[in-house]
Amino acid sequence: MMKSIKELKLTDLETVSGGCMGTTSRDSKFLFNVGLMDETYSPDGLFWGWLSKSKNVDDAWARAGIVCCTCPAADNEYYLNGKRITRKEAFYYVANKCGVIIDYADYCLGSEVEL
């Protein structure tokens, strides 16, 4: 049964995964490591330059064939050939395309690893 927001404990919140500037920051690290970006962005750097920097992340995804809609305070969305895919699927698709072996956990918050 779903709990109301008032019933949630800190341990419940630790299991929530989602996007945000932190996720986009980790995306930039991944895209840099596979050679699709020239720099990485910290969450603070994204905060102060969201419009241009999030576009750079979206453009890097596009170079590998993924349409990414970055969101500053919500889940990023990833699409391949018009079909929505998970972030993990997008990472492994790009890594495979770039001929790189990755550990998805290196680019995730703890709660995202199992997704």
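Within each chain, residues carry numbers counting from 1 in the order of the written sequence. At least 70 in pLDDT is required for a residue's local features to be given in this predicted model, at least 80 for side-chain atom pairs to be given and counted, and no such filter applies to totals for whole chains, interfaces and linings, which use all residues. Only hydrogens and water are set aside when side-chain values are computed; all heavy atoms of the structure are taken into account.

A. Summary view of helix H2 (residues 21-33). Counting from the N terminus, the helices are the DSSP runs of H or I reaching at least four residues and the strands are the DSSP runs of E reaching at least two. Given a helix with a known number of residues, its expected span is that number minus one, times 1.5 Å. Its 13 residues place the ends of H2 18 Å apart at the C-alpha level, agreeing with the 18 Å of an ideal helix rising 1.5 Å per residue. Along H2, the residues classified as buried are Met-21, Gly-22, Thr-23, Thr-24, Ser-25, Asp-27, Ser-28, Phe-30 and Leu-31. Whether two residues are in contact is decided by their heavy atoms, any of which lying within 4.5 Å being enough. Turning to H2, the residues buried within the fold contact helix H3 (43-48), helix H4 (50-63), strand E2 (77-80) and helix H5 (87-98). Positive backbone phi, approximately 90°, marks Gly-35, located one or two places after H2. Note on exposure labels: buried denotes an accessible area under 20% of the residue type's maximum, exposed denotes more than 50%, and partly exposed covers the range between, all computed with a 1.4 Å probe on protein chains only.

B. The arrangement of the nonpolar core in detail. Throughout this description, the term nonpolar core refers to a set of buried Ala, Val, Leu, Ile, Met, Phe, Trp, Tyr and Cys residues connected via side-chain atoms within 4.5 Å. The biggest cluster of nonpolar side chains holds 26 residues, and the ones touching the most others in it are Phe-30, Leu-31, Trp-61, Ile-66 and Val-94. Elements that contribute at least two residues to this core include exactly H2, H4, strand E1 (66-69), E2 and H5. Residues in contact with Phe-30, not counting those within four places in the same chain, are Trp-61, Phe-91, Val-94, Ala-95, Ile-102 and Tyr-107.

C. Local environment of the pattern of salt bridges. Here, a salt bridge means any side-chain nitrogen of Lys or Arg that lies within 4 Å of a carboxyl oxygen of Asp or Glu. If you walk through the whole model with that rule in mind, you get three salt bridges. The shortest N-O distance in the salt bridge between Lys-55 and Asp-59 comes to 2.8 Å. Highlighted residues: Lys-55 and Asp-59, both in helix H4, separated by four residues, approximately one helical turn. Note on Asp-59: relative accessible area 28%, which makes it partly exposed.

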